[in-house]
Amino acid sequence: MLHRPRKRFGQNFLVDQQVIAEIIAAISPQPDNHIVEIGPGFGALTTQLIQPAEKLDVIEIDRDLVEALKQQFASEKLNIHAADALRFDFSALGRSMRIVGNLPYNISTPLLFHISQFSDQIVDMHFMLQKEVVERMVGVPSSPQYGRLSVMLQYRFHMEHVFTVPATAFRPMPKIESAIIRMMPIPRSDLTVRDEKILARIVAAAFSQRRKTLRNSLQEFMKESDYAALGIDPGLRAENLSVTDYVNVANHLSA
Ligand code: SAM
């Protein structure tokens, strides 16, 4: 099938068989797994995942690629959803999902936030993302990479930068390096935020002015007495607080 890669769908297809083998080894699909792949494209990963997995759901937005997948995989094991992953109700697929994908870079951050909502139905996730995004996701406090993405995702997931992938592994070749990240949901019982909306608002406000002190960036939410009660120095900046500090601030404000 002749297919012109569509930029608006972030189509950079994996062509390096060695890299594909390394990704599959990192995922380590098992016979009893229920795997969900976002953006299968021409099936570079799908081909390797469908053999061992008991059940495979794929979500693809490009209708031309959906047709190509239907012809390539006449398997009862494969459920093809012609849909936008950003609006997809992952809860409809059941429990114990292992989600994978070489994600379209232009929507990776909103997609990660969307999928986070379903974390209690997910066993783990392996994604190919821009290396720079992976570095922000695993960023540690007081580093330039640490930000809203780090706090909001580290609050829900244990994350690991598995390996870096060169631009030469794709066609067309992207201008940037990529990386594989593994994400494992932290059990709900360990999640201690009473009101997640407050956590999200605080973190967004703090990092929207990351060069300012907390006293300035959070003045809408926090008084001097709140800092004293929490034992947090209001002269610090957003990047100096740990994920636990943000959870404590959110719980203090929702109390
Ligand atoms: N998995 C294939 C590979 O590794 O060669 C393709 C990866 S390509 C980077 C991203 C894929 O996601 C494309 O097939 C693209 O059409 C699809 N895609 C883009 N936006 C999407 C969305 N919102 N929902 C579902 N799939 C999407």
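About the thresholds
- Residues numbered from 1 in each chain as written.
- Predicted model: local features only at pLDDT ≥ 70, side-chain atom pairs only at ≥ 80, totals over all residues.
- Heavy atoms only, no water.
- Helix = DSSP H or I, 4+ residues; strand = E, 2+ residues; numbered from the N terminus.
- Rg over C-alpha atoms; globule rule 2.2 N^0.38 Å.
- Buried < 20%, exposed > 50% of the residue type's maximum accessible area, 1.4 Å probe, protein only.
- Contact = heavy atoms within 4.5 Å.
- Areas by Shrake-Rupley, 256 points an atom, 1.4 Å probe, with all protein chains shown as cover.
- Lys, Arg positive; Asp, Glu negative; His and termini not counted.
- Charge placed at Lys NZ, Arg CZ, Asp CG, Glu CD.
- Domains from an automatic or database assignment.
- Salt bridge = Lys/Arg side-chain N within 4 Å of Asp/Glu carboxyl O.
- Polar contact = N/O pair within 3.5 Å; in protein donor to acceptor, adjacent residues only side chain to side chain.
- Near = heavy atom within 4 Å.
- Nonpolar A, V, L, I, M, F, W, Y, C, P; charged D, E, K, R; others polar.
- Axes fitted to C-alpha atoms, helices over the stretch in contact; angles between N-to-C directions.
- Parallel < 35°, antiparallel > 145°, perpendicular 65-115°, else oblique.
- Left-handed = near helix turned anticlockwise from the far one by under 90°.
- Pairing = 2+ DSSP bridges.
- Expected span 1.5 Å × (residues − 1).

1. Observations regarding the overall build of the protein
1) Next: Check the secondary structure of the protein and you find ten helices and nine strands.
2) Next: Relative to the 2.2 N^0.38 estimate, which gives 18 Å for 255 residues, the radius of gyration of the protein is 20 Å and therefore close to what a compact globule would have.
3) Next: Along the three orthogonal principal directions, the C-alpha set of the protein runs to about 65 × 35 × 30 Å.
4) Next: Across the 255 residues of the protein, 49% fall into the buried class.
5) Next: Restricting to contacts in the protein with at least 6 residues of sequence separation, those with at least 24 account for 64%.
6) Next: Of the roughly 12500 Å² of accessible surface on the protein, a fraction of 50% belongs to carbon and sulfur atoms.
7) Next: One finds the centroid of the 28 positive side-chain charges in the protein at a distance of 6 Å from the centroid of its 28 negative side-chain charges.

2. Side note on the domain arrangement of the protein
1) Next: Under the domain assignment used here, the protein contains domain 1 (7–189) and domain 2 (196–254).
2) Next: Of note, the centres of domain 1 and domain 2, computed from C-alpha atoms alone, are 32 Å apart.
3) Next: Residue-level contacts link 13 residues of domain 1 with 15 residues of domain 2.
4) Next: There are one salt bridge connecting domain 1 and domain 2.
5) Next: A salt bridge links Arg 156 to Glu 196; the nearest nitrogen and oxygen atoms lie 2.4 Å apart.
6) Next: Seen at the junction of domain 1 and domain 2, the total is six residue pairs in polar contact (both at pLDDT 80 or more).

3. A few points about the site of the ligand
1) Next: Near the ligand lie 22 residues; those nearest to it are Gln 11, Gly 39, Glu 60, Asp 84 and Asn 102.
2) Next: Contact distances for the ligand include 2.8 Å between a nitrogen atom and a backbone N or O atom of Gly 39.
3) Next: With the chains in place, 98% of the 590 Å² that the ligand exposes on its own is no longer accessible.
4) Next: Elements represented by at least two residues in the shell around the ligand include exactly β1 (13–14) and β3 (55–60).
5) Next: Among the residues forming the shell around the ligand, the class breakdown is twelve nonpolar, six polar and four charged.

4. Some thoughts on the packing of helix α7 (residues 196–208) against helix α10 (residues 243–254)
1) Next: Where α7 contacts α10, the two axes come as close as 9 Å, and the packing angle between them is 120 degrees. On the basis of the axis angle, α7 is oblique to α10. In the crossing of α7 with α10, the sense of the turn from one axis to the other is right-handed. Two secondary-structure elements touch here, α7 through Ile 198, Leu 199, Ile 202, Val 203, Ala 206 and Phe 207 and α10 through Tyr 246, Val 247, Val 249, Ala 250, Leu 253 and Ser 254.

5. Topic: unusual backbone geometry
1) Next: Here the amide bond leading from Arg 171 into Pro 172 is cis, since omega sits at -15 degrees, within 30 degrees of zero.
2) Next: Non-glycine residue Ser 28 carries a positive phi angle of around 50 degrees.
3) Next: Look at Ser 142: it is not a glycine, yet its phi comes out positive at around 65 degrees.
4) Next: Following the sequence through the fold, Ser 142 ends up in the loop between α5 (131–137) and α6 (148–154).
5) Next: Its relative accessible area of 46% is what places Ser 142 among the partly exposed residues.

6. So, the sheet that holds strand β7 (residues 157–165)
1) Next: Strands sit in the order β4-β3-β2-β5-β6-β9-β7 across an open sheet of seven strands; the sheet is mixed. Each having just a single partner strand, β4 (78–82) and β7 make up the two edges of the open sheet. Pairs of neighbouring strands in the sheet enclose a mean axial angle of 20 degrees, with direction left out of account.
2) Next: Relative to strand β9 (residues 178–185), β7 runs antiparallel, the two being bridged by eight bridges. Residue pairing across strands places Phe 163 opposite Ile 180, the latter belonging to β9.

7. So, α7
1) Next: Here α7 contains 13 residues, and its C-alpha end-to-end distance of 18 Å stays within 8% of the 18 Å for a straight helix at 1.5 Å per residue.
2) Next: Leu 199, Ile 202, Val 203, Ala 205, Ala 206 and Phe 207 are the residues of α7 that are buried.
3) Next: A distance of 3.0 Å separates the backbone nitrogen of Lys 197 from a side-chain oxygen at the start of α7, and that oxygen is part of Asp 195.

8. Some words on the pairing of strand β2 (residues 34–38)
1) Next: For β2, a buried count of five out of five residues is recorded, marking the element as mostly surrounded by other parts of the structure.
2) Next: Where burial is concerned, the two faces of β2 agree: the one with His 34, Val 36 and Ile 38 and the one with Ile 35 and Glu 37 are both buried.
3) Next: Direction of pairing for β2 relative to β3: parallel, over a ladder of five bridges. Paired with Ile 35 across the two strands is Leu 56, which belongs to β3.
4) Next: The pairing of β2 with strand β5 (residues 97–102) spans four bridges and is parallel. Considered in β5, the bridge of Ile 35 is made with Arg 98.

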